[in-house]
Amino acid sequence: MEKVKPKKALGQHFLTDESVAARIAATIDCSPQLPVVEVGPGMGMLTKYLLQAGRDVTVVELDTESVDYLEQNYPALSGHIVSGDFLRLDLTEFADADGHLCVIGNYPYNISSQIFFHVLEYKDAVTLCSGMLQREVAERIAAPEGSRTRGILSVLLQAWYDVEYLFTVSEGVFNPPPKVKSGVIRLQRNSVTDLGCDERLFKTVVKTTFGQRRKTIRNSLKSLLPAGAQLPEHELLGKRPEQLSVAQFIELTNLVSSLRK
């Protein structure tokens, strides 16, 4: 079968550099026993290194042409090719006996943020997640408090994962070359099992403050309070969301919660 033609509508940029593919595959070597779900394998550039490492790999591919290519060229994947949308999958179906798995991929730029939000929904199952995405998004996910690039995903993911920005990948190692550089990150599940606040309200506080990031936190949080409720004097309320750590967002969440009772 001829090579698959990249489809712009699916955000496909096929990796062509063997050494980069090998480096990305190696980012999950720290958990060698976990089953692996690879997102958007395309023609299997990353897949083959995962298979060579003896990993239990399931690939998830939306592009039917790529699925056909994988079926014909990677017999080792027989029974482990899911033709469908990763964002609709119940990831627990791919976990080991202890309920754990890892996720990896050369993620399509156009849905990379959605992929990580989906991983977050399965945070108790996905204990390791790595892969390549647009460098700007990768840097944002890994951004510490105080960084201008810090955003919603930074805080929500860092609440449950230790996040590392690993390395940058140039435009020239893809077909077709993207217009921006790519970045490889790794998320490893931390030991947190309970945030110490209402998790749903925590998400709302994070999304509300970053949704109005030019305002101080005091002003953006007013919309979450019942009529007549007043925020007390508190040092965090005069800051902007990118300045806050996960622990400080938890503190804010508990403050808002106390005023909503």
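Residues numbered from 1 in each chain as written. Predicted model: local features only at pLDDT ≥ 70, side-chain atom pairs only at ≥ 80, totals over all residues. Heavy atoms only, no water.

### Considering unusual backbone geometry
Rules: Secondary structure is summarised from DSSP: a helix means a run of H or I of at least four residues, a strand means a run of E of at least two, and numbering begins at the N terminus for each.
Of note, the amide linkage connecting N175 to P176 takes the cis form, showing an omega dihedral of -10 degrees. Structurally, P176 is set in the loop between β8 (174-175) and β9 (182-189).

### Remarks on the layout of surface pockets
How we decide: In the cavity and pocket records, a cavity denotes points on a 1 Å grid over the protein atoms alone where a 1.4 Å probe fits but cannot get out, a pocket denotes an open set with protein on both sides within 12 Å along at least 5 of 7 lines, and lining residues are residues with an atom within 4 Å of a point. Grid points are joined across faces, edges and corners, and a volume is the space filled by probe spheres set on the points. Ten residue types, Ala, Val, Leu, Ile, Met, Phe, Trp, Tyr, Cys and Pro, are classed as nonpolar, four, Asp, Glu, Lys and Arg, as charged, and the remainder, Gly among them, as polar.
In this structure, the largest pocket spans a volume of roughly 710 Å³. Looking at the largest pocket, it is lined by 40 residues, and the ones nearest its centre are Q12, F14, G40, P41 and G42. By residue class, the composition of the lining of the largest pocket is 21 nonpolar, 13 polar and 6 charged. By volume, the second largest pocket amounts to about 170 Å³. Every residue lining the second largest pocket is listed: P6, K7, K8, Q12, H13, P176, P177, P178 and K179. Across the lining of the second largest pocket, the residue classes tally to 4 nonpolar, 2 polar and 3 charged.

### Some thoughts on the pairing of strand β6 (residues 126-134)
Note the threshold: Three exposure classes are used, based on accessible area relative to the maximum for each residue type with a 1.4 Å probe and protein chains only: buried under 20%, partly exposed in between, and exposed over 50%. Two strands pair under a simple rule: DSSP has to find at least two bridges between them. By definition, the crossover connecting two strands over a helix is right-handed if that path, from the first strand to the second, turns clockwise as seen with the strands pointing away from the viewer.
Among the 9 residues of β6, 8 are classified as buried, and the element is accordingly described as predominantly covered. As paired elements, strand β5 (residues 101-106) and β6 share 6 bridges and run parallel to each other. When the bridges of β6 are listed, N106 appears paired with M132. Read from β5 through helix α4 (residues 112-121) to β6, the crossover connection turns out right-handed. The pairing of β6 with β9 spans 7 bridges and is antiparallel. Paired with C129 across the strands is L187, a residue of β9.

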